[in-house]
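Breakdown of the fold
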Amino acid sequence: MTEAVIVSAARSPIGRAVKGCLREMRADELTAAVVSAALAKVPQLDPAELDDLVLGCGSPGGEQGWNLARMVAVLMGLDGLPGTTVTRHCASSLQALRMAAHAIRAGEGDAFVAAGVETASRYVHGSAEASGEPNPRYRAAADRTARHRAEGGFGWGDPRLLGELPDAYLAMMQTAEYVAGLRGVSREAMDAFALRSQTRAAEAEGFWSSEITPIRLPDGTLATRDDGPRRGVTPEALAALKPVLHPGGRVTAGNACPVNDGAAALVVMSDRRAAELGIPPLGRVVSTGLSALSPEIMGLGPVEASRRALARAGMSIGDVDLVELNEAFAAQVIPCAEDLRVEEGRLNVYGGAIAMGHPPGMTGARMVGTVLHALRETDGTVGLVTMCVGGGQGMAMVVERF
């Protein structure tokens, strides 16, 4: 069977939304810069050979609308390059890579760009353009959520037993509170995991900086480094943070990922064409897995998605050298790692999104590049990338480093 191999990876710095290094960058300009950088790493490949640009975007509206992928292709001067924009919220660019790999395996192309972007700094906040109008059929569920918050209740019950739809528009932090309550994850455990992420990321500054493509900003200066992690974080500082939603809550700004801007791109080819051009692959896509569950506990989505991806690869978790489990919230990473039986020594070994940030459209492609980079640094072979997805999904991908 034709294999889909990743031959190049590039990413921008990850900026903090509104106040960070990429706050003035449009999504199309940012993506074009990163895609150009990924293609520049494989000069043997003529961009005219590209079959498609598949771009993930968590919230494709406003400046991120108008089929952003095609806008990027034209902006780059690649008028002959088709483009499609896909959304699976947090897993949007992982879905982009999945689609490119499927096309290659089906014999419907030899060269693709799978990319992802999110510029949360430039959302039209609170508008239908940014997030869509909620379906009024979810009103009862939303009212129940409001009661929980007002009463300080964060336990989770199956909404089907209440005769209601689950709250599909639930704020992500509320879903993390529900997972913490359902699985008994303490505030202390969540803060301890957040400290681990910040500490590991800070200690691995060289690892992270080597991934970055400098981005020329509108004022002519260069953005060359991530805005995260927060250096010098202490247990005392984390413990002093107030819960975001309610005094009785457990989720704080310290044990959750921040809101971010960023873009990442992967060049994906058939193994045959890469060999013909003399391009050494970084790794191959082995398998993917998807899952769905109540939107109210979306944080547990990685568990079943990872099990399905591993089963399709004919592997078990014991065959995996490194796991990149997106750190949307410590509240969900902890039980997911427990259910998957991932030891600390294999999990997010250089830190994760709590420290580095999580631009939803970017994260999947960024994590694939990161796990291949980490496997190279640790002389590992098999990596698992997995994440929860807003709206009640999970997604996972098994990759193998060459």
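All values derive from a computational prediction rather than experimental measurement.

Definitions and cut-offs
Residues numbered from 1 in each chain as written. Predicted model: local features only at pLDDT ≥ 70, side-chain atom pairs only at ≥ 80, totals over all residues. Heavy atoms only, no water. pLDDT = per-residue confidence, 0-100. Contact = heavy atoms within 4.5 Å. Helix = DSSP H or I, 4+ residues; strand = E, 2+ residues; numbered from the N terminus. Expected span 1.5 Å × (residues − 1). Buried < 20%, exposed > 50% of the residue type's maximum accessible area, 1.4 Å probe, protein only. Phe/Tyr/Trp six-rings, centres within 6.5 Å; stacked < 30°, edge-to-face > 60°. Axes fitted to C-alpha atoms, helices over the stretch in contact; angles between N-to-C directions. Left-handed = near helix turned anticlockwise from the far one by under 90°. Nonpolar A, V, L, I, M, F, W, Y, C, P; charged D, E, K, R; others polar. Salt bridge = Lys/Arg side-chain N within 4 Å of Asp/Glu carboxyl O. Core = buried A, V, L, I, M, F, W, Y, C linked by side-chain atoms within 4.5 Å. Pairing = 2+ DSSP bridges.

Our next topic: the confidence of the model for the protein chain. A residue-level look at the protein chain finds 94% of positions with pLDDT of 70 or above and a mean pLDDT of 93. For the stretch residues 157-162, pLDDT sits under 50, and the model shows 8 contacts to residues farther than four places along the chain or on other chains.

So, about helix α3 (residues 92-105). Taking 1.5 Å per residue as the helical rise, α3 with its 14 residues ought to reach 20 Å, and the 20 Å between its terminal C-alpha atoms agrees with that figure. Of all 14 residues that make up α3, 11 are buried, and the element is covered over most of its length. Residues of α3 that are buried include every one of Ser 92, Ser 93, Leu 94, Gln 95, Ala 96, Leu 97, Arg 98, Ala 100, Ala 101, Ala 103 and Ile 104, and no others. Just downstream of α3 lies Gly 107, where phi reads positive at about 75°.

Enumeration over the complete set of coordinates arrives at 2 aromatic pairs. An angle of 85° between the planes, with centres 5.3 Å apart, marks the rings of Phe 207 and Trp 208 as edge-to-face. Since its relative accessible area comes to 2%, Trp 208 is described here as buried. Residues Phe 207 and Tyr 350 carry aromatic rings whose centres are separated by 3.9 Å and whose planes lie at 15° to one another, so their mutual orientation is stacked. Residue Phe 207 is found in helix α8 (residues 205-209), and its partner Tyr 350 is found in the loop between α12 (330-340) and α13 (353-356); the two are separated by 143 residues along the sequence.

At a minimum axis separation of 8 Å, helix α11 (residues 301-312) and α12 run at an interaxial angle of 35°. The handedness of the crossing between α11 and α12 is right-handed. On α12, the residues that touch Pro 302, Val 303, Ser 306 and Arg 307 of α11 are Gln 332, Cys 336, Asp 339 and Leu 340. When grouped by side-chain class, the residues that make up the contact of α11 with α12 number 4 nonpolar, 2 polar and 2 charged.

End to end, α11 covers 17 Å across 12 residues, agreeing with the expected 16 Å (1.5 Å per residue, within 8%). Gly 301, Pro 302, Val 303, Ala 305, Ser 306, Ala 309 and Leu 310 are the residues of α11 that are buried. The elements touched by buried residues of α11 are β9 (283-292), β10 (322-325), α12, β11 (382-389) and β12 (393-401). Gly 314 sits one or two residues past α11 and shows a positive phi near 70°.

Where charged atoms of side chains with opposite charge meet at close range, the side chains can pair. Per the counting criterion, the structure on display carries 21 salt bridges. The shortest N-O distance in the salt bridge between Arg 11 and Glu 211 comes to 2.7 Å. With a gap of 200 residues between them, Arg 11 in strand β1 (residues 4-11) and Glu 211 in the loop between α8 and β6 (215-216) connect regions that are remote in the sequence. Summarising the burial analysis for this pair, Arg 11 and Glu 211 share the class buried. For Arg 231, the salt bridge goes to Glu 205, with nearest N and O atoms at 3.6 Å. In this pair, Arg 231 is assigned in the loop between β7 (222-223) and α9 (235-240) and Glu 205 in helix α8, connecting sequence segments 26 residues apart. Looking at Arg 231, the relative accessible area reads 43%, which means it is partly exposed. On the basis of relative accessibility, which here comes to 37%, the residue Glu 205 falls in the partly exposed class.

The next point concerns the nonpolar core. General note: in soluble globular proteins, nonpolar side chains tend to be found buried as a group. Membership of the largest hydrophobic core comes to 44 residues, with the highest contact counts inside it found for Leu 94, Leu 97, Val 368 and Met 387. Excluding residues within four positions of it along the chain, Leu 97 makes contact with Ile 6, Ala 114, Leu 266, Val 268, Val 285, Val 368 and Met 397. Core analysis: the next-biggest nonpolar cluster, separate from the first, contains 41 residues, Ala 309, Val 320, Leu 325 and Ile 334 among them.

Counting buried residues in strand β8 (residues 260-270) gives 11 out of 11 residues, a clear majority hidden from the surface. Of the strand pairs in this sheet, β1 and β8 are connected by 7 bridges, and their pairing is antiparallel. Following the sheet pairing, Ala 4 is matched in β8 by Ser 270. Note: strand β2 (residues 15-16) against β8, 2 bridges, orientation antiparallel.

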